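Observations on the model geometry
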Amino acid sequence: MIEQDVLQRTLHTALRHGGDFAEVFAEDRTSSNARLDDGKIEELVSGRARGAGVRVVRGETTGFAHTADLSEAGLRSAAEAASAAARSDDGGAHVTALERREVAPAHDIRIEPESVAKARKVEMLQRANDAARARGDAISQVSVAYADGRRRILVANSEGLLAEDDQVRTRFFVQCVAVGDTGMQTGMEAPGRSIGFELLDEFEPEEVAHIAADRALAMLRARPAPSGKLPVVLRRGAGGVLFHEACGHGLEADLVGRDASVFRGQVGEQVASPLVTLVDDGTYSREWGTFAIDDEGAPAQRNVLIENGVLTDFMWDYLRARQEGRVSSGNGRRETYQHLPMVRMTNTLLLAGDDDPDDIIGGTAHGLYCAALGGGQVNTATGDFVFGVTEAYLIEDGVITEPVRAAQLIGNGPEALRLVDAVGNDFDTWAGTCGKDGQGVPVSSGQPTLRVAELTVGGTAA
Amino acid sequence: MSSDLLELASDIAGRAAPGEQLEAYVSRTRETDVKVFDHAVESLTVAERAGVGVRVIVDGRQGFAWAASLDPDVVSAALTDARDNAEFATPDECQGVVTPEEADGVTAPVLDLWAEDVGQVSTDAKVQLALEVETATFATDPRVRGVEQAAYGDGMTEVAVANSLGVSAAVQRTMCSCMSIALAGEDAQTQTGYGFSAGRAFADLDPAIAARDASERATRLLGATQPESRRLPVVFDPLVTRSLLGVLGAALSGEAILKGRSVFVGREGEMIAAPCVTLDDDPTNPEAFGASPHDAEGVASRVNGLIVAGVLRGFLHNAYTGRRSGSGTNGAAVRGFASTPGCGARALALTPGRLSAAEVMAAAGDALYVQSVSGLHSGTNPVSGDFSVGAEGIMVRNGQMAEPVREVTIASTLPRMLLDIAEVGADLTWLPGGAAGMTLLISEMSMSGG
């Protein structure tokens, strides 16, 4: 993307007025989207963003500038702008000669999205639309979207690192509206992976459409969700976002460092039920949050965060790790070259246990069964988190019975972790976009069927 | 200021081939962002970002492409991509760029939304302001034991749109703000509070207000416990009312209505809210942060009355939804350069009532005062109307603030909440985020707790 000697000179410029670390992060991103709505192919969209961000660090202070101009002159002026915040009289650090690090791809891409004709992508939309509408006359509206993106990144820093990665992601969305006597309901399904067009072989359009349509139809029969504390069983793959919110964010070293995490100072302590082993795994093959190197050039890793309920470590980016005299855990990520990196999750997975999922449901006298979740949010300083349930059912005498309307669940992270009292032997993942400080990055969460003994369900029924 | 952008947009629009409609939307923002922590600058970003979106319509088929660059080669490549993309769309007779007749249905207001001082004040002064917010937050109360983040940010944005039928418009606006997140502690409990000050001009900012609000919102939650579940009246803080209006605005967009994705489909002319509720979207009001003389397709802005004394009177339309619904565009196209025009609100506000915030509280009697909500995105559904969000706040007893509560949700449905609005406060204040806020009393919601 940029010649090695240009990078070397840009880093030199960045540190000319002071600073102890400089970095060039260049990115070339292309995207292609297609959308069917209301029975029509509404639009195809192509996008292109290319540029570089330069940061200069002096002590705890970071100067940052970015440019869409990848010429040497463009990079030089970004480097000069970034260096202004790190200006000092003692002169900058020495720039180590760049040495290209060979990066093995995270996994193979079987069908490059660019090699697929647009007509073929459009055909997938039509197939999903037809399949969803065929599910019943109650399906009143269907929206289908296909999106692929390719992100080539290059990281060069004053410590001599030079590494590149080529990241491909593909996602397919189906959203249905169903109309019945009690009003309208929605159902959505949106598989995404860090792979190419082969996504549509693994998740056939008809299959995705059926899940979305059936979800909307099931919710037509839903009665108001209960209000108050109940045992909650999360279907495999549907509830990983609970752990992403309940403790994932609180284990990000930047928030811990600001004293904005309830988990500060708890490494080595029992913070969760012994049934809980939680990993953040950027190497998990083909998953939505997977990559070969993070956005600071560190290789993706599998990091154990909680082992049998004991907190083992936090997640780290370059700057936070440097302050503690250790190395990054491969969790330094940014949305685009226009953003500074920070500590982010990748694929956050609660590992499977021993229980039969049917036994977990069968052993619940009165509770809520969550089959699909929306997003969530957490206040890491208090540990209080919420997440939205979009498909849920009552459990009565150990049997899944009536559907209930969408509702928010609320809990406290450390409390919820201790209240996990059954962990199944199945497993699945869920793709999403994690937002932090205005930056969205692709992540996944995963978990087996499990039960939390008590969470507050925010419904309207007594 | 925006003349070069307007020239670029017009130049692109001028490349339309016979039988082809073309529209270019160009934007450029210069911004400064300062984050401080522990009395030092944590990061300083000074940057300019720009981009272009090109829309092509041939025989009712639309194609679109965008690029985060104004480089001539990149712009030409986007045009080629947009033309290629148009070949795959389903023909739709309502598709097309805005006509001069549609654009000039009303006279565009003359608005001054640009404050020169944002660009003139030195970066050092901006850094100092961020540091001042942090210091001031610490100084407010001994129970403030940390400031999770204090920051200053500004943007000077220029936008231009032009199409091959000769419609063009340019808008420029500034915006700056400072904020603080206070961490208050007492015994083992920690609470957080957010405070900010925002304006068009640097001179509008008051770091003391950001510090005071952050501190007050954090400290007054100390000692919060989880209450029992029950139904009760709920008082919304102006910031929460702003968020509710945002959800409502999405459900009143012409696109949601046309595609059957709104709980308000088919309700026009009906009483959907309490008689005290009148809701306008007024981007012609320069006090609104979303004010603009034109919408994102170049149509003159106007006041759109959406709910009048409780009766649903209209929706927000862009050119496409205006044609399809037969009511015509009302200047409500919204977009960034990376998307085709949608439709939505920019400056929503309820007509204020007579009671002050304290009087609304007194009228509530025994209620829950909601200071902030969480999970708004996952907990509200404009199609089903379901509304269930996490909340933190303070119990109101005999019209006075009493003990704080945490780990609760509040739930109802959007239609129910509109009918249950008992008081609209007089304390209208324009807030960033496309709507104004004021204290609001809703006569009953379900509170879930222990």
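Quick caveat, the model's predicted, so the values are computed rather than measured. (Residues numbered from 1 in each chain as written. Chains lettered and ligands numbered in written order. Predicted model: local features only at pLDDT ≥ 70, side-chain atom pairs only at ≥ 80, totals over all residues. Heavy atoms only, no water.)

1. Here we look at the domain arrangement of chain B
Residues and elements named next belong to chain B. Rules: An automatic or database domain assignment supplies the residue ranges for each domain. We call two residues in contact whenever any of their non-hydrogen atoms come within 4.5 Å of each other. As a working definition, buried area equals the accessible area (1.4 Å probe) given up by two parts on being put together, with both sides summed. Here a salt bridge means any side-chain nitrogen of Lys or Arg lying within 4 Å of a carboxyl oxygen belonging to Asp or Glu. Side-chain atoms alone can form a polar contact between residues adjacent in sequence; in general such a contact is a pair of N or O atoms within 3.5 Å, and within protein one must be able to donate a hydrogen while the other accepts it. What counts as a helix is a DSSP run of H or I of at least four residues, what counts as a strand is a run of E of at least two, and both are numbered from the N terminus. Ten residues, namely Ala, Val, Leu, Ile, Met, Phe, Trp, Tyr, Cys and Pro, are considered nonpolar, four, namely Asp, Glu, Lys and Arg, are considered charged, and the remaining ones, Gly among them, are considered polar.
Assigned domains of chain B: these are domain 1 (3-219) and domain 2 (230-448). With centres defined by C-alpha atoms, the gap from domain 1 to domain 2 works out at 22 Å. Counting residues at the interface gives 42 residues for domain 1 and 35 residues for domain 2. Buried area between domain 1 and domain 2, both sides added, is near 3200 Å², and the carbon and sulfur share of it is 61%. The tally of links between domain 1 and domain 2 comes to four salt bridges. For Arg335, the salt bridge goes to Glu23, with nearest N and O atoms at 2.8 Å. Put simply, domain 1 and domain 2 have 13 residue pairs in polar contact (both at pLDDT 80 or more) between them. Mapped onto the side of domain 1 that touches domain 2, the elements with two or more residues apiece are β1 (20-37), β2 (40-58), β3 (61-67), α3 (100-103), β5 (168-186) and β6 (189-199). Ranked by the residues each element gives to the side of domain 1 that touches domain 2, the list is headed by β6, at six residues. Considered class by class, the residues forming the side of domain 1 that touches domain 2 number 23 nonpolar, twelve polar and seven charged.

2. Focus: the pattern of salt bridges
Put simply, the rule is: Whether a residue is buried, partly exposed or exposed follows from its accessible area with a 1.4 Å probe, protein chains only, as a fraction of its type maximum: under 20%, in between, or over 50%, in that order.
The final tally for this structure, using the stated rule, is 72 salt bridges over all chains. In this structure, A:Asp5 and A:Arg9 form a salt bridge, with 3.6 Å as the shortest nitrogen-oxygen distance. Placement of the pair is A:Asp5 and A:Arg9 together in helix α1 (residues 4-14), with a separation of four residues, close to one helical turn. With a closest N to O distance of 2.6 Å, A:Glu27 and A:Arg151 form a salt bridge. Of this pair, A:Glu27 sits in strand β1 (residues 21-37) while A:Arg151 sits in strand β5 (residues 139-157), and the two are 124 residues apart along the sequence. The exposure class of A:Glu27 is buried, given its relative accessible area of 1%. Note on A:Arg151: relative accessible area 8%, which makes it buried. Here the residues in one salt-bridge network are A:Arg35, A:Asp37, A:Glu42, A:Glu43, B:Glu255, B:Lys259 and B:Arg261, joined through shared partners.

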